Amino acid sequence: MQIDWFPLWLSLRVAFVSTAVAFVVGLWLAYILANREFHGKEVLDAAITLPLVLPPTVLGYYLLVLLAGNSPLGKLWENIFGSPLVFTWKAAVVAALLHSLPLLVKSARAALESVDRSLERAARNLGASEWRLFWRVTLPLARRSVLAAVALAFARSLGDFGVTLMVAGNIPGRTQTAAVAIYDAYEAGNTMVARTLVLVISAIALLILTLANRLNPRGA
Amino acid sequence: MISARLRKTFPTRPDSAPFSLELEFQAAAGVTVLFGPSGSGKTLTLDLIAGFMRADEGRILLDDEILFDRAAGVHLAPQARNCGYVFQNYALFPHMTLRQNLEFAAERRPRLERHRRVNEMLEKFRLVDAAGRRPHEVSGGQRQRCSIARALIGEPKLLLFDEPAQGLDAPLRAEFYEVLRQVRADFETPMLLVTHDLDECFELGEEMLVLRHGRLVQNGTPAAIFEQPANVDVARLLGIFNLIPAEIRSLDPGRNTSKVQMGEHELDGPYFPGHLKGDRVTVCVRPERLTALARNGKPGVNQIPAQLERTIERPQWMRLEFAGGIAVDLTRPDYERVRDTKDWMIEFPRESLRVL
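Counting starts from 1 at the beginning of each chain's written sequence and moves along it residue by residue. To read the labels, note that chains go from A and ligands from 1, taken in the order they are written. Restriction of local features to residues with pLDDT of at least 70 applies here, the model being predicted, together with a cutoff of 80 or more for giving and counting side-chain atom pairs; totals for whole chains, interfaces and linings are based on all residues.

1. Description of the nonpolar core
Line of reasoning, step 1. What makes a nonpolar core is a set of buried Ala, Val, Leu, Ile, Met, Phe, Trp, Tyr and Cys residues, with links drawn between C-beta atoms within 7 Å. Exposed residues have 12 or fewer other C-beta atoms within 10 Å of their own C-beta, buried residues have 20 or more, and residues in between are partly exposed; the C-beta atoms are placed from the backbone. In terms of nonpolar packing, the biggest core is built from 157 residues, with Ala95(A), Leu104(A), Ala149(A), Val167(A) and Leu160(B) touching the most fellow members.
Line of reasoning, step 2. For this core, the element with the highest residue contribution is helix α5 (residues 89–113) of chain A, accounting for 15 residues.
Line of reasoning, step 3. What counts as a domain boundary in this text is fixed by an automatic or database domain assignment. Counting the residues that make up this core, at least three belong to each of domain 1 (2–235) and domain 2 (240–355) of chain B.
Line of reasoning, step 4. Residue pairs qualify as contacts under a 7 Å threshold applied to their C-beta atoms, which are placed from the backbone. Aside from chain neighbours lying at most four places away, what touches Leu104(A) is Ala22(A), Phe23(A), Gly26(A), Ala149(A), Val150(A) and Ala153(A). Helix and strand assignments follow DSSP, with helices taken as H or I runs no shorter than four residues and strands as E runs no shorter than two, numbered in order from the N terminus.

Listed below in structure tokens is the structure:
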């Protein structure tokens, strides 16, 4: 029987893009949460974490309302990129982000906060700007934990099912990711395809999590 | 020249008592020691000056530059203050070599000059051989010298030291004192040094500020403060005084004499300016100013009989503790002469008496 590997490649592509976005946005959010004092800081933290506990249907519903072609954000997207966002692979990226971003922000915030404050004081005292302090002192010292957080976010992006199904759909060869394809194959009775994809996805996830553990200073 | 007027209040928290710092002082070139028990606000003072924290009230002036002025709304960022800070644990960047630590501090200089300056400091602080290694790969002495070199490389107008010799063993401590004396000779900046070590005050301090509960309780040279503590609290902080309740019976400024009633004994002392006959005071005498001797017949002037309770051996001297909480320090040869005594007297030399 011929196995279609497209869903796996799509999943990897979605995971890469979503992790890249999560890295940039998440690191920035983690920095803000770790360094700034402002009202509603813990509310912001809770809001970022919320997708981890809400049912996928709820999240999918929000995203559809927010990003559908007739919503302001959806219209903006269509004006810029010329095509709607929902039911494309890019919507799958947004779906994956909902889970990878909170994981990354949580772990990266803890990693940044674990850096010895006296080193940051020393850097400021020596005239370093906040920017240089972050890139030359804080981030290098938190490097391993941040990389572990990135790996975790990547692994999570690989496996999203519910939200992806709702906002990206199940269009074979276009938006069907591995997780969705497994469900599809199982429903259709293609146990071989389902089993193969299950094993491959599990192996990749196991590999990444092992890597993350080795990176994490606490696990080493 | 640094002059600071600072007020900072911390309200009561579940895990800490309220604390307030209220302090005004000036320090010229040379080492000024901030001395006090832990929790007296010493490190907080440094942090306010370095700009890591913001005072509620006051003003900090370094030479002609205003670092902080609450009334005028000035609060320079730590980056803009040009204060060298030597941290308690040195705070060297662990992921950089010693050379990179210095380069990081010199980064605002032009490339060529930076290179020259880093090499100069590495040589001056005998770090050339260790320059390529990271902080955890070098000796404690090298770490310490590197942290001082790093603080100095930007030519700061003020140097701040937060308990730099704490937790060091004796040889490293001696080395640190040597380095610091060298720095003091080479750089004409005020240096503020936080410590709760009395030896350090004497070893390094030209001026000394005694802090307690966030207030300045006395300032002056270490020797002067040691000679005449401002009050019982300071005497206790200095930790080496016999403090005995007494009453002044007479005062004679003309002949520079006084009589002090201490328990059932009357002692002769010098004239105590600022006190009146009948004042209840605390006599304050350093243990090494007293003498303990064998009692033969009737005690003489300023000699009182006493009961020896125990003897404590110290490296340079012996401490004899008598009933009533009076301690006498004798040098070892002096102690050898009287060690078999059963019946003791303590002699209070007239000039040694201080009252608080």
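Having seen the structure, we can now continue with the description.
2. Considerations on the confidence of the model for chain B
Line of reasoning, step 1. Across chain B, pLDDT averages 90, with 100% of residues at or above 70.
Line of reasoning, step 2. The ipTM for the predicted assembly is 0.83, set against a pTM of 0.83. Each residue carries a pLDDT score, the predictor's confidence in it, ranging from 0 to 100.

3. What to know about the pairing of strand β12 (residues 242–252) of chain B
Residues and elements named next belong to chain B.
Line of reasoning, step 1. A pair of strands is treated as paired once DSSP finds two or more bridges between them. The pairing of β12 with strand β15 (residues 280–285) spans 6 bridges and is antiparallel. Looking across to β15, one finds that Pro245 is bridged to Thr282.
Line of reasoning, step 2. For β12 and strand β13 (residues 257–262), the ladder comprises 5 bridges, and the chain directions are antiparallel. The partner of Asp252 across the bridge, within β13, is Thr257.
Line of reasoning, step 3. Where β12 folds back onto β13 in an antiparallel hairpin, the turn is made up of 4 residues, including Asn256, whose phi is positive at roughly 55°.

4. Focus: the interface of chain B and chain A
Line of reasoning, step 1. Listed by partner, the interface residues are 16 residues for chain B and 14 residues for chain A.
Line of reasoning, step 2. Where the side of chain B that touches chain A is concerned, the elements lending two or more residues are β7 (83–86) and α2 (98–105) of chain B.
Line of reasoning, step 3. Looking at the side of chain B that touches chain A, its residues break down into 10 nonpolar, 4 polar and 2 charged. Gly is placed with the polar residues, together with every amino acid not listed as nonpolar (Ala, Val, Leu, Ile, Met, Phe, Trp, Tyr, Cys and Pro) or charged (Asp, Glu, Lys and Arg).

5. Some details on helix α5 (residues 170–186) of chain B
Residues three or four positions apart in an α-helix share a direction because the helix packs 3.6 residues into each turn.
Residues and elements named next belong to chain B.
Line of reasoning, step 1. In this scheme, a helix's expected span is set at 1.5 Å multiplied by one less than its residue total. With 17 residues, α5 extends 25 Å from end C-alpha to end C-alpha; this agrees with the ideal 24 Å at 1.5 Å per step.
Line of reasoning, step 2. Listed in full, the buried residues belonging to α5 are Phe176, Leu180 and Val183. Seen end-on, α5 carries its buried residues on one side only, within an arc spanning 55°. The outward face of α5, more than 90 degrees from its buried face, is lined by the exposed residues Ala170, Pro171, Glu178, Ala185 and Asp186. This arc describes the spread of directions from the helix axis toward the C-beta atoms.

6. Some thoughts on the environment of Thr12(B)
Residue and element names in this part refer to chain B.
Line of reasoning, step 1. By the element assignment, Thr12 lies in the loop between β1 (2–10) and β2 (19–27).
Line of reasoning, step 2. A count of 9 C-beta atoms within 10 Å places Thr12 in the exposed class.
Line of reasoning, step 3. Separated by 239 residues in the primary sequence, Thr12 and Leu251 place their C-alpha atoms 47 Å from one another.
Line of reasoning, step 4. Beyond its immediate sequence surroundings of up to four residues, Thr12 is in contact with Ala17 and Pro18.

7. Overview of the domain arrangement of chain B
Residues and elements named next belong to chain B.
Line of reasoning, step 1. Examined at the domain level, chain B breaks down into domain 1 (2–235) and domain 2 (240–355).
Line of reasoning, step 2. Inter-centroid distance (C-alpha atoms) of domain 1 to domain 2 is 40 Å.
Line of reasoning, step 3. Each side of the interface is counted separately: domain 1 has 4 residues, and domain 2 has 5 residues.
Line of reasoning, step 4. Counted by class, the side of domain 1 that touches domain 2 contains 3 nonpolar, 1 polar and no charged residues.

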